[in-house]
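Read off the chains here:
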Amino acid sequence: MPLVPMKQILDEAVKGEYGVGAYNVNNMEQIQGIMKAASETKSPVILQASRGAIAYTNMYYIKYMVQAAVEDNPGIPISLHLDHGNSFETCKQAIGLGFTSVMIDGSLKEDSKTPTDFEENAKITKEVVEYAHGFGVSVEGELGTLGGIEDGVGSGKVMLTDPEEAIKFIELTGVDALALAIGTSHGAYKFKAEPKLELDIINSIQEKIPGMPLVMHGSSSVPGDLIDMINQYGGKLEKTMGVPMKSIQEAIKRGIRKINIDTDGRLAITGAIRKYLHDNPAAFDPRSYFGEAREAVYRTVKGKMEDLGTVGHAGEYELMTLEDTKKIYNK
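Residues numbered from 1 in each chain as written. Predicted model: local features only at pLDDT ≥ 70, side-chain atom pairs only at ≥ 80, totals over all residues. Heavy atoms only, no water.

A. Structural context of empty space enclosed by the protein. For the coordinates displayed, the defined rule picks out 4 cavities of 30 Å³ or more. Reported here for the second largest cavity is a volume of approximately 80 Å³. Tyr23, Asn24, Gln30, Ile34, Ile261, Asp262, Asp264, Gly265, Val297, Thr300, Val301 and Lys304 are the residues that line the second largest cavity. When contributions to the lining of the second largest cavity are tallied by element, the ones reaching two or more residues are strand S1 (20-24), helix H2 (28-41), helix H11 (263-279) and helix H12 (286-308). (1 Å grid on protein atoms, 1.4 Å probe; cavity = no way out; pocket = protein on both sides within 12 Å on 5 of 7 lines; lining within 4 Å. Points joined across faces, edges and corners; volume = space filled by probe spheres on them. Helix = DSSP H or I, 4+ residues; strand = E, 2+ residues; numbered from the N terminus.)

Below is the structure:
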């Protein structure tokens, strides 16, 4: 069973009015934990890798670890997505590796820090769309910028998405999904108090382009119990707040279909490993503490899938291939 184009996963989420988590992965244990949760809950899933993850795994390892997940979980819709591609060449490389979806973050220049203007963003995004669709690969764009910095990506400045510009951007570029800046933030240190998201931006876009799959980046909730666990076993993380799940669920009701989650997985892994090594000071077998990390990812992601409404939707539709979507794009 091949990887599935992200377009199909998100189009089905639009029909069912639920959200699909896009979980950042860097190693085997993360992928195994996520897939255990997806298999148990019968949930479609988006596995996404940043440029940092591709560099960390030396490119080919991420490709074949995800392919192993596909073979090990027949019937579960899985898309492999490039998170925050910074250039045409980066997206081209991911497509060559077999990614079924790419994000071109034209909201920032290639340094992934300096904001662009609308015209520059639309130009590079359209170029990537035209290239990717030739291979049946889905494309996510972004308009506006989030606060915070994660994995070297982010200007640190918030520029909320203008709904009228978003509608024009979608029509100009032909993107399959659009990431919005509505007040979320990258990284672990998102907010000092519960954030107020600008959810009306979602409504304004959906009113003009009904069914357009919209994306929330920086959507980890940064659970206090994970912060506490890390600090209890030697960590020194500051108190912080993420995006409350109730806010994410309200965004899903309004039209958000892809929800990016990275930090919560990192926290779960770190807490599990710190606790295991504290409780077992003589341990030196990586399989023991990475096994605990894998279970922590599983528990965290299973909870996300339940909260996002993804549970039970695998198996509802016949899985498409890149060749199938290529035909759709060429109509």
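B. Looking closely at a negative patch on the surface. On the surface, Asp117, Glu119, Asp162 and Glu165 cluster together into a patch of negative charge. Residue placement: Asp117 occurs in the loop between strand S4 (101-104) and helix H6 (118-133). (Patch = residues over 30% accessible without salt bridge, like charges linked within 9 Å, V, L, I, M, F, W, Y side chains within 5 Å. Areas by Shrake-Rupley, 256 points an atom, 1.4 Å probe, with all protein chains shown as cover. Salt bridge = Lys/Arg side-chain N within 4 Å of Asp/Glu carboxyl O. Lys, Arg positive; Asp, Glu negative; His and termini not counted. Charge placed at Lys NZ, Arg CZ, Asp CG, Glu CD.)

C. Broad picture of helix H8 (residues 200-208). Considered for burial, the residues of H8 that qualify are Ile201, Ile202, Ile205 and Gln206. Projected down its long axis, H8 shows its buried positions confined to an angular sector of 130°, all on one face. Of the exposed residues in H8, the ones pointing more than 90 degrees away from its buried face are Asp200, Glu207 and Lys208. For H8, the secondary structure elements touched by its buried residues are helix H7 (163-173), strand S6 (177-180), strand S7 (214-216), helix H10 (245-254) and strand S8 (256-261). (Buried < 20%, exposed > 50% of the residue type's maximum accessible area, 1.4 Å probe, protein only. Arc of directions from axis to C-beta. Contact = heavy atoms within 4.5 Å.)

D. Expanded view of the pairing of S6. Side chains Ala177 and Ala179 project from S6 onto one buried face, and the interleaved Leu178 and Leu180 project onto a second face that is buried too. As defined by bridge partners, strand S5 (residues 138-143) adjoins S6 across 4 bridges and the pair is classed as parallel. Within the sheet, the bridge partner assigned to Glu142 lies in S6 and is Ala179. Where S6 and S7 come together, 3 bridges link them in parallel fashion. Paired with Leu178 across the strands is Leu214, a residue of S7. (Pairing = 2+ DSSP bridges.)

E. Local environment of the sheet that holds S6. The sheet built from 8 strands closes into a barrel, its strands ordered S1-S2-S3-S4-S5-S6-S7-S8 with parallel pairing. The sheet shows a mean angle of 25° between the axes of neighbouring strands, taken without regard to direction. Across 3 bridges, S1 lies against strand S2 (residues 45-50) in parallel orientation. The partner of Ala22 across the bridge, within S2, is Ile46. Helix H1 (residues 6-16) contacts S1, S2, strand S3 (78-85), S4, S5, S6 and S8 of the sheet and is inclined by roughly 125° relative to S8. Against the sheet, H6 contacts S4 and S5, and its axis sits at roughly 175° relative to S5. (Axes fitted to C-alpha atoms, helices over the stretch in contact; angles between N-to-C directions.)

F. A look at H6. Its 16 residues place the ends of H6 22 Å apart at the C-alpha level, agreeing with the 22 Å of an ideal helix rising 1.5 Å per residue. Among the residues of H6, those classed as buried are Phe118, Asn121, Ala122, Thr125, Val128, Val129, Ala132 and His133. Each buried residue of H6 sits inside an arc of 135° when the element is viewed along its axis, so together they form one side. Residues of H6 that are exposed and point over 90 degrees away from its buried face: Glu119, Lys123 and Glu130. Against helix H5 (88-97), S4, S5, H7 and helix H13 (322-329) lie the buried residues of H6. (Expected span 1.5 Å × (residues − 1).)

G. Focus on unusual backbone geometry. Residues other than glycine seldom take positive phi values, yet Glu17 does so here, at roughly 60°. For Glu17, the location among the structural elements is in the loop between H1 and S1. Of note, Lys42 is a non-glycine position whose phi angle comes to about 55°, a positive value. Along the chain, Lys42 falls in the loop between H2 and S2. The exposure class assigned to Lys42 is partly exposed, which follows from its relative accessible area of 46%.

H. Spotlight on the nonpolar core. By size, the foremost hydrophobic cluster in this structure holds 71 residues, and its most contacted members are Met35, Val45, Leu47, Phe99, Val102 and Leu178. Counting residues per element, this core draws most heavily on H12, at 7 residues. Beyond its immediate chain neighbours, meaning those up to four positions away, Val102 contacts His81, Leu82, Cys91, Ala94, Ile95, Val128, Val137, Ser138, Val139 and Glu140. (Core = buried A, V, L, I, M, F, W, Y, C linked by side-chain atoms within 4.5 Å.)

So yeah, pure geometry; function would need other evidence.
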